[in-house]
Amino acid sequence: GGISRFLRLSRSGRSGMASDSANPHRGAHDGAIASLLDKHESRVDLLLDSMLTYLKKTQPSYFEGEEESLASRTIADVLKRVSSDAASESTASEENRLAASLAISEMTTPKELKVTVSPSAQQALERAAAKKAEQIASPGASETDIPLGTKCSHNGCEVCFAGPSTYEASACVYHTGTPVFHEGLKFWSCCNKVKVTDFGDFLNIKGCCTGRHEFSTKDETMAQKRECRSDFFQQGATVSFNIYAKLADPTKCSFTLRRRPSDGGGEPEYVLSFHVHFEGEYDFKRTIVLAGPVDIDTCLVDILQPKIEIKLKKADGRGWNSIGEVVEEDDLEMD
């Protein structure tokens, strides 16, 4: 940095002074100058001040006539270089801080896991949808029994009940089939000509049927949480976490993984969060700090007929004694 350059410059300057025939005694002060350098090496400003004071007292001829401009330029050059170093260090420090901030942001951003629905689970969903359609075709409940804000129960319709006028205010545009997730493609069984890969685009696929809104009389604000049995097993580098929930709706389920800094400042922790909507009315949510690191990009989810299987790829070869620690999401947010 500036100190090392100053030392080199000072040594070069002293060598030149000692060989100057017009000033044969200048080299005799090298020891005193070196002592000043050692004393004030950590403070460039004190070093320069002491150097100038010493030279003005012992060698005033350094600052007379033509040599005055040479000495002034030498000191000014050192100060300029030191200031430049300080600015560079400040810029580098700010860049490092921003890089660290971006790294933490990237670390803590949840990643949605790829979801695949098996053919047997797909058929079960279709049968459940057909049964639901039969129930919808039968006489419904009185409009006065429907809570305000209740969402239309047809797939793909986002209209909420705002009173009896809701039926006339807009037609219900919906999907009569069930969602299909197959080999990375997402589409509806009723209109499979439109196939997408992004989940957000899938949710925006316009319905293929027009009809009357149907609002369930069940109060969806009531607790509809239900515990699901779960277990895990590991084979080599793969950990399989099973959630036993039937008729899981892939359009209303979410599975994410993310890394987060550990509380002790050691290796980052890996957090699995999921929300399973199953049997048309129940929800099961969990947040788990996993027992070990995983390769997030290769983890995926299979929705099967009797269960959901989350496949986790270990990032190292260590065995797991458990799937990890179940925590409250709010506790992680507070950290």
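In what follows, the accompanying structure is described. (Residues numbered from 1 in each chain as written. Predicted model: local features only at pLDDT ≥ 70, side-chain atom pairs only at ≥ 80, totals over all residues. Heavy atoms only, no water.)

## Overview of the overall build of the protein chain
The helix and strand tally for the protein chain stands at 8 helices and 14 strands. The contacts in the protein chain between residues at least 6 apart in sequence include a share of 58% that link residues at least 24 apart. A total accessible area of about 19900 Å² is found for the protein chain, and carbon and sulfur atoms account for 51% of it. (Helix = DSSP H or I, 4+ residues; strand = E, 2+ residues; numbered from the N terminus. Contact = heavy atoms within 4.5 Å. Areas by Shrake-Rupley, 256 points an atom, 1.4 Å probe, with all protein chains shown as cover.)

## Points about the sheet that holds strand S9 (residues 254-260)
Spatially, 5 strands are ordered S1-S9-S10-S11-S14 in an open sheet, and the strand pairing comes out antiparallel. Every interior strand has two partners, whereas the edge strands, strand S1 (111-112) and strand S14 (324-327), have only one. The pairing of S1 with S9 spans 2 bridges and is classified as antiparallel. Opposite glutamate 112, over in S9, you have threonine 256 as the bridge partner. (Pairing = 2+ DSSP bridges.)

## Points about the side chain of serine 240
Tracing the backbone shows serine 240 in strand S8 (residues 238-243). Accessibility expressed as a relative area gives 5% for serine 240, which makes it buried. Ignoring anything within four residues of it in the chain, the contact list for serine 240 reads Asp231, Phe232, Phe233, Glu309, Ile310 and Lys311. (Buried < 20%, exposed > 50% of the residue type's maximum accessible area, 1.4 Å probe, protein only.)

## Describing the pattern of salt bridges
Scanning all chains against the criterion turns up 6 salt bridges. Among the salt bridges present, the one from glutamate 227 reaches arginine 286, with a minimum N-O distance of 2.5 Å. Note that glutamate 227 is positioned in the loop between strand S6 (209-211) and strand S7 (230-235) and arginine 286 in strand S11 (residues 282-290), a separation of 59 residues in sequence. Here glutamate 227 falls in the exposed class, since its relative accessible area comes to 58%. Its relative accessible area of 26% is what places arginine 286 among the partly exposed residues. (Salt bridge = Lys/Arg side-chain N within 4 Å of Asp/Glu carboxyl O.)

## Quick word on the packing of aromatic side chains
Given two aromatic rings, their pairing is described by the distance between the two centres and the angle made by the two planes. A complete count under the given rule lists 7 aromatic pairs for this structure. On the basis of an interplanar angle of 65° and a centroid distance of 6.3 Å, the ring pair of phenylalanine 161 and tyrosine 167 is categorised as edge-to-face. Relative to tyrosine 282, the ring of phenylalanine 278 has its centre 5.8 Å away and its plane inclined at 40°; by these criteria the two rings are tilted. On the accessibility criterion, phenylalanine 278 (2% relative accessible area) is buried. (Phe/Tyr/Trp six-rings, centres within 6.5 Å; stacked < 30°, edge-to-face > 60°.)

## Here we look at the side chain of threonine 251
Residue position: threonine 251 is located in the loop between S8 and S9. Engagement of the side chain of threonine 251 in a polar contact is seen with the side chain of aspartate 249, the distance being 2.7 Å. Setting aside its immediate chain neighbours within four residues, threonine 251 contacts Pro179, Trp188, Phe199, Phe202 and Leu203. (Polar contact = N/O pair within 3.5 Å; in protein donor to acceptor, adjacent residues only side chain to side chain.)

## A few points about the sheet that holds strand S13 (residues 308-313)
Pairing is mixed in the open sheet, where 5 strands are placed in the order S2-S12-S13-S8-S7. Looking at the sheet topology across the chains shown, the edges are occupied by strand S2 (114-117) and S7. On average, each strand axis in the sheet is tilted by 20° relative to the strand beside it, whichever way the strands run. Strand direction decides the pairing type here: strand S12 (residues 300-303) and S13, joined by 4 bridges, are antiparallel. Bridged to leucine 300 within S13 is lysine 311. (Axes fitted to C-alpha atoms, helices over the stretch in contact; angles between N-to-C directions.)

## A short note on unusual backbone geometry
The backbone of leucine 247 sits at a positive phi, close to 55°, despite the residue not being glycine. Given the relative accessible area of 30%, leucine 247 is considered partly exposed. Of note in the backbone geometry, glutamate 279 takes a positive phi value of approximately 55° without being a glycine. One can find glutamate 279 in the loop between strand S10 (269-278) and S11. Take glutamate 279: its relative accessible area is 34%, and that puts it in the partly exposed class.

## Brief notes about the nonpolar core
Phe255, Phe274, Val276, Leu290, Ile310 and Leu312 are the most contacted members of the largest nonpolar core, which has 38 residues in total. Among the elements of the structure, S2, S8, S9, S10, S11, S12 and S13 are those that each provide at least two residues to this core. For this core, the element with the highest residue contribution is S10, accounting for 5 residues. Counting 8 residues, the second-largest nonpolar core is a separate cluster that includes Ile146, Cys152, Tyr174 and Phe215. (Core = buried A, V, L, I, M, F, W, Y, C linked by side-chain atoms within 4.5 Å.)

## Section: the environment of serine 120
Mapped onto the secondary structure, serine 120 falls in helix H5 (residues 119-137). Serine 120 sits in the partly exposed class, given a relative accessible area of 31%. Residues serine 120 and isoleucine 303, spaced 183 residues apart in sequence, show a C-alpha to C-alpha distance of 9.6 Å.

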